[in-house]
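Topology and contacts: notes
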Amino acid sequence: MRFDVLGPVRVRHGTAEVPVPGLLRQRLLALLLAHANTPISAEWLSAALWGGEPERRGGSKLHLLVHRLRKTLGEPERLVSDAGGYWMHVEPDELDVERFETLLDLAERNFDPQRRADMLRQALRLWRGTPYQDLDLTELAGEAQRIDERRLVALEQLHAAELDCGRHAFIIAELTELVRENPLRERLHALLMTALYRSGRQADALAVYRRARRTVVDELGLEPGHALRELEQRILAGEHIEFEPPTARPVTRPAQLPHDVPGFVGRDAALAELDRLSEKPEVPIAVVAGTAGVGKSALVTHWAHAARDRFPDGQLHVDLRGYGPDQPLTTTEVLAGFLRALGIPGDAIPADATERAARFRTVVDQRRMLIVLDNAAAPGQIRPLLPGTPTSFVVVTSRDSLSGLSARDGAYRLVLDRMEADEAHALLTDRLGEQVMSAETAQPLIERCARLPLALRVAAERIHQSTSRDVGELLEDLTDEQRGLDALDTGDEHTSVRAVFSWSYRNLPEDAARLFRLYGFTCRHAGHRVGVFALTALLGADDVQTTRRLLDVLVRAHLLTEVSYGRYEMHALLGDYAAELAELEQDRPAIVARLLGFYLHTADQALRILQPTRDPDAGGLPRPVAMPTLSNQESALTWLDTERPNLMCAAESAAKAGMNDLVELLFRMLHGYLSGEARYSDDAERLRVLAAGAPAEDC
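Here is a short report on the structure shown in this document. Note that the structure is a prediction, hence the values are computed from the model and not measured.

1. Remarks on the overall build of the protein
- Per the secondary structure count, the protein includes 29 helices and 13 strands.
- In terms of C-alpha radius of gyration, the protein reaches 37 Å, well past the compact-globule figure of 27 Å for 699 residues.
- Principal axes of the C-alpha set define a box for the protein whose edges measure 120 × 75 × 40 Å.
- Scored against the burial criterion, the 699 residues of the protein give a buried share of 51%.
- For the protein, the accessible area works out to roughly 32000 Å², and carbon and sulfur atoms hold 49% of it.

2. Some details on the nonpolar core
- In this structure, Trp303, Leu445, Leu508, Phe516 and Leu670 are the most contacted members of the largest nonpolar core, which totals 122 residues.
- Per-element accounting of this core gives the leading share, ten residues, to helix α26 (residues 588-610).
- The contact partners of Phe516, leaving out residues within four places of it in the chain, are Tyr505, Leu508, Leu554, Leu559, Met570, Leu574, Tyr577, Ala578 and Leu581.
- Membership of the second largest hydrophobic core comes to 110 residues, among which are Leu6, Ile235, Phe338 and Ile344.

3. Some thoughts on the environment of Ser564
- Relative to the helices and strands, Ser564 is located in strand β12 (residues 561-564).
- Residues Ser564 and Arg529, 35 residues apart in the sequence, show an inter-C-alpha distance of 9.3 Å.

4. Overview of helix α9 (residues 202-220)
- A rise of 1.5 Å per residue sets the reference length of α9, with its 19 residues, at 27 Å; its end C-alpha atoms lie 27 Å apart and thus fit the reference within 8%.
- Taken as a whole, α9 has its buried residues at Ala205, Leu206, Ala207, Val208, Tyr209, Ala212 and Val216.
- Each element contacted by the buried residues of α9 is listed here: α8 (186-198) and α10 (226-236).
- After α9 finishes, the residue Gly221 shows a positive phi value of roughly 70°.

5. Remarks on a nonpolar patch on the surface
- Taken together, the side chains of Leu184, Leu220 and Leu222 define a hydrophobic patch exposed on the protein surface, amounting to about 280 Å² of accessible area.
- As for its placement among the helices and strands, Leu222 is situated in the loop between α9 and α10.

6. Details of the packing of aromatic side chains
- Enumeration according to the criterion identifies eleven aromatic pairs in this entry.
- Ring geometry for Phe338 against Phe360: centres 5.6 Å apart, planes inclined by 35°, an arrangement best described as tilted. Note that Phe338 is positioned in helix α13 (residues 331-341) and Phe360 in helix α14 (residues 353-364), a separation of 22 residues in sequence.
- An angle of 40° between the planes, with centres 5.8 Å apart, marks the rings of Tyr505 and Phe516 as tilted. With a gap of eleven residues between them, Tyr505 in helix α21 (residues 497-506) and Phe516 in helix α22 (residues 510-519) connect regions that are remote in the sequence.
- Given a relative accessible area of 16%, Tyr505 falls into the buried group.

7. Observations concerning the sheet that holds strand β2 (residues 10-13)
- Sheet architecture is open: three strands sit in the order β1-β2-β3, paired in antiparallel fashion. The sheet is open, and its two edges are formed by β1 (2-4) and β3 (16-18), each paired on a single side. In this sheet, neighbouring strand axes are inclined to one another by 35° on average, regardless of whether the strands run parallel or antiparallel.
- Across three bridges, the pairing between β2 and β3 is antiparallel. Paired with His13 across the strands is Ala16, a residue of β3.

8. Some points on the environment of Gly129
- Relative to the elements of secondary structure, Gly129 occurs in the loop between α5 (113-124) and α6 (138-164).
- Taking the relative accessible area as the measure of exposure, Gly129 reaches 30% and is therefore partly exposed.
- C-alpha separation for the pair Gly129 and Ser41, spaced 88 residues apart in sequence, amounts to 29 Å.
- In contact with Gly129, other than residues within four places in its own chain, are Leu6 and Gly7.

9. Here's the deal with the environment of Arg128
- Mapped onto the elements, Arg128 comes out in the loop between α5 and α6.
- Spatially, the C-alpha atoms of Arg128 and Leu6 are 5.9 Å apart, while their sequence positions differ by 122 residues.
- A distance of 2.6 Å separates a polar atom in the side chain of Arg128 from the backbone oxygen of Pro8.

10. Examining the pattern of salt bridges
- Summed over the entire model, instances satisfying the criterion amount to 41 salt bridges.
- Between Glu162 and Arg167 there is a salt bridge; the shortest N-O distance is 2.5 Å.
- Judged by its relative accessible area of 27%, Arg167 falls in the partly exposed class.
- A salt bridge links Glu652 to Arg686; the nearest nitrogen and oxygen atoms lie 3.1 Å apart. Highlighted residues: Glu652 in helix α27 (residues 633-656) and Arg686 in helix α29 (residues 681-691), separated in sequence by 34 residues. The same class applies to Glu652 as to Arg686, namely buried.

11. Structural notes on the layout of surface pockets
- Within this model, the second largest pocket holds a volume of roughly 1000 Å³.
- Ser297, Ala298, Leu454, His494 and Thr495 are, among the 36 residues lining the second largest pocket, the residues nearest its centre.
- Mapped onto the lining of the second largest pocket, the elements with two or more residues apiece are α12 (296-307), β7 (315-319), β8 (370-376), β9 (393-398), α19 (453-465) and α21.
- Residue composition of the lining of the second largest pocket, by class: eleven nonpolar, 14 polar and eleven charged.

12. Section: empty space enclosed by the protein
- Here the structure, examined in full by the defined rule, presents one cavity of 30 Å³ or more.
- Put simply, the largest cavity is a space of about 70 Å³.
- Taken together, Val261, Phe264, Val265, Arg267, Val294, Gly295, Ala298, Leu299, Met419, Leu427, Pro453 and Arg457 make up the lining of the largest cavity.

13. Quick look at helix α7 (residues 172-181)
- Along α7, the residues that are buried comprise Ile172, Leu175, Leu178 and Val179. Looking straight down α7, one finds its buried side chains confined to an arc of 125°; they lie on one side. What points out from α7, more than 90 degrees from its buried face, is the exposed set Ala173 and Arg180.
- In this fold, the buried residues of α7 make contact with α6 and α8.

14. Points about a negative patch on the surface
- On the surface, Glu91, Glu98, Asp352 and Glu355 cluster together to form a negatively charged patch.
- If you trace the backbone, Glu91 turns up in the loop between β5 (85-88) and α4 (96-108).

15. Some details on the pairing of β12
- Pairing of β12 with strand β13 (residues 567-569), which is carried by three bridges, proceeds in the antiparallel orientation. The partner of Thr561 across the bridge, within β13, is Glu569.
- If you look at the hairpin formed by β12 and β13, you'll find two residues sitting between the two strands, and Gly566 has a positive phi there, around 80°.

16. A few points about the side chain of Thr362
- When you line up the elements, Thr362 lands in helix α14.
- Polar side-chain contacts of Thr362 include one of 3.0 Å to the backbone oxygen of Ala358.
- Setting aside chain neighbours within four positions, we find Thr362 in contact with Asp93, Thr102, Leu103 and Leu106.

Each value, and the rule that gives it
Residues numbered from 1 in each chain as written. Predicted model: local features only at pLDDT ≥ 70, side-chain atom pairs only at ≥ 80, totals over all residues. Heavy atoms only, no water. Helix = DSSP H or I, 4+ residues; strand = E, 2+ residues; numbered from the N terminus. Rg over C-alpha atoms; globule rule 2.2 N^0.38 Å. Buried < 20%, exposed > 50% of the residue type's maximum accessible area, 1.4 Å probe, protein only. Areas by Shrake-Rupley, 256 points an atom, 1.4 Å probe, with all protein chains shown as cover. Core = buried A, V, L, I, M, F, W, Y, C linked by side-chain atoms within 4.5 Å. Contact = heavy atoms within 4.5 Å. Expected span 1.5 Å × (residues − 1). Patch = residues over 30% accessible without salt bridge, like charges linked within 9 Å, V, L, I, M, F, W, Y side chains within 5 Å. Salt bridge = Lys/Arg side-chain N within 4 Å of Asp/Glu carboxyl O. Phe/Tyr/Trp six-rings, centres within 6.5 Å; stacked < 30°, edge-to-face > 60°. Pairing = 2+ DSSP bridges. Axes fitted to C-alpha atoms, helices over the stretch in contact; angles between N-to-C directions. Polar contact = N/O pair within 3.5 Å; in protein donor to acceptor, adjacent residues only side chain to side chain. 1 Å grid on protein atoms, 1.4 Å probe; cavity = no way out; pocket = protein on both sides within 12 Å on 5 of 7 lines; lining within 4 Å. Points joined across faces, edges and corners; volume = space filled by probe spheres on them. Nonpolar A, V, L, I, M, F, W, Y, C, P; charged D, E, K, R; others polar. Arc of directions from axis to C-beta. Lys, Arg positive; Asp, Glu negative; His and termini not counted. Charge placed at Lys NZ, Arg CZ, Asp CG, Glu CD.

Shown next as structure tokens:
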């Protein structure tokens, strides 16, 4: 909602005007707006509206009038009543006179004359007449006079700025009219004299002085002030005239980007996409989202350094600490830092976060700036920091998809995936050299580091510090199921891979965090994907939709990837972290039994469709409540083909745990199906060997 008092009082919802019928309603609205957000007693309002009415009658009439105004506004909560009286709740930036005065304050502090002139013209465009026009209330006269005086000051400052820009001839007509309307304002006379003199019209400038002197003497019985008399003497002497050297602060051009990432490689497509988005005025917000350690901050910092010349008004940057060991920054803190960086002195920064946000939008209005909001956890951290106009480009990084920012605020999301293998190899060779890191040597290390830039950099640093520089030793440590993440520990909470993963985990709701832990019980081999029914069984739940909701949370947090509908995978290092957390579960045997029970009961159901005479047998494992619907041979074969890798892993896991009866059961169930397909002959042989008691290996 917008309230305008710089002319006839009006109310607007968006672009539509809200009619306020009746002079009394208009006067009440004007009085409340003149004291916005400040309680006014009922007695004072009654006296202002009806003069000397008796208090009882005036109070009842006021109550009815307030009720009607609330109904007119359509937002009853706007007009508040309490023991202190009545007051109108107005948000920052909703009242035109507040916007006008904010722009004036900013212009006074701006050293650049062009920027100052633009701000002042923007402020003056808010005027549509005289303040509180046609309402004729004594109680409004003082406020209207104060505002009108500020308008005249703004006009004087505007034309002084135009003179500083060298546009003396351009403003002569405007100044002539202003002098005619305000013949006792000596500063307007001085501005007109300077404009004429600079345009080569010395005689006309001196004529303006003579008229000004005559008016002041006739009206006030005084000689003009010292400044105007001195200006006349300088014009007579033919001196060069600068009109009042500016005393405002220099406009601040912040340059807050952190140090560029050394040895940045790859990411050409993402960099090109940021280039494209930054040039589209209809996309003022870009969200770079991705999993922990994927290099979002490094990408944005590297791009921002290359693109900084496109943002001549500067770059703002803040780490919002949405994920990390430090307490997240509040928007109040961030806005204070931004405003100080933009040249607003500390004593001029509002205390309230909403007012700070409004002031920030005003300061950056029409400026071409880059604003980097790094490490955000939720849309609520971002919205108060968004400019009001699309001239600035905002780049947000987050581990969350921030879907609400896209839906409500029009943000464009760029999902940063893990590195391609050739990019990862280029990163390692940049750090270690081609001799240490050949393509053959690098490939297993790259995959074990899940193609995560953070993990690759930590691994490269470990190899660099090692006296032997033996890649095999590090790879052996990384593949150790018990201490794989120890090999990527730097002793620093900001770069140790386990710690970095933990920040994402700690931000999860408890039910989603539990599902993440339980995912550690599933198969972790590359390419083996887990279905929603198996995960429902892990949870011990009977509602697949609840599981899908929790999975959506993990996908939005980029802790899981939905590879196809209802099937998910987790990269190797996150799998290691989930498995570490799974070890802490107290009912591990029951959890494993639920997962194995799902695979065996569903496999038994599928095989009885393919072999109707087969007797049911799932080894006594618990039957899941939620199972996929297998109604014919096609659906049964599809399920078996899809889940074959997980069934083989179940056999391997059972063999490692010494559960020989279960291995034999799987052999009896699956051998016929596997051996009947030439493409699965290796699996059939492996299952036979396991059932015979051979040592288990990784599938």
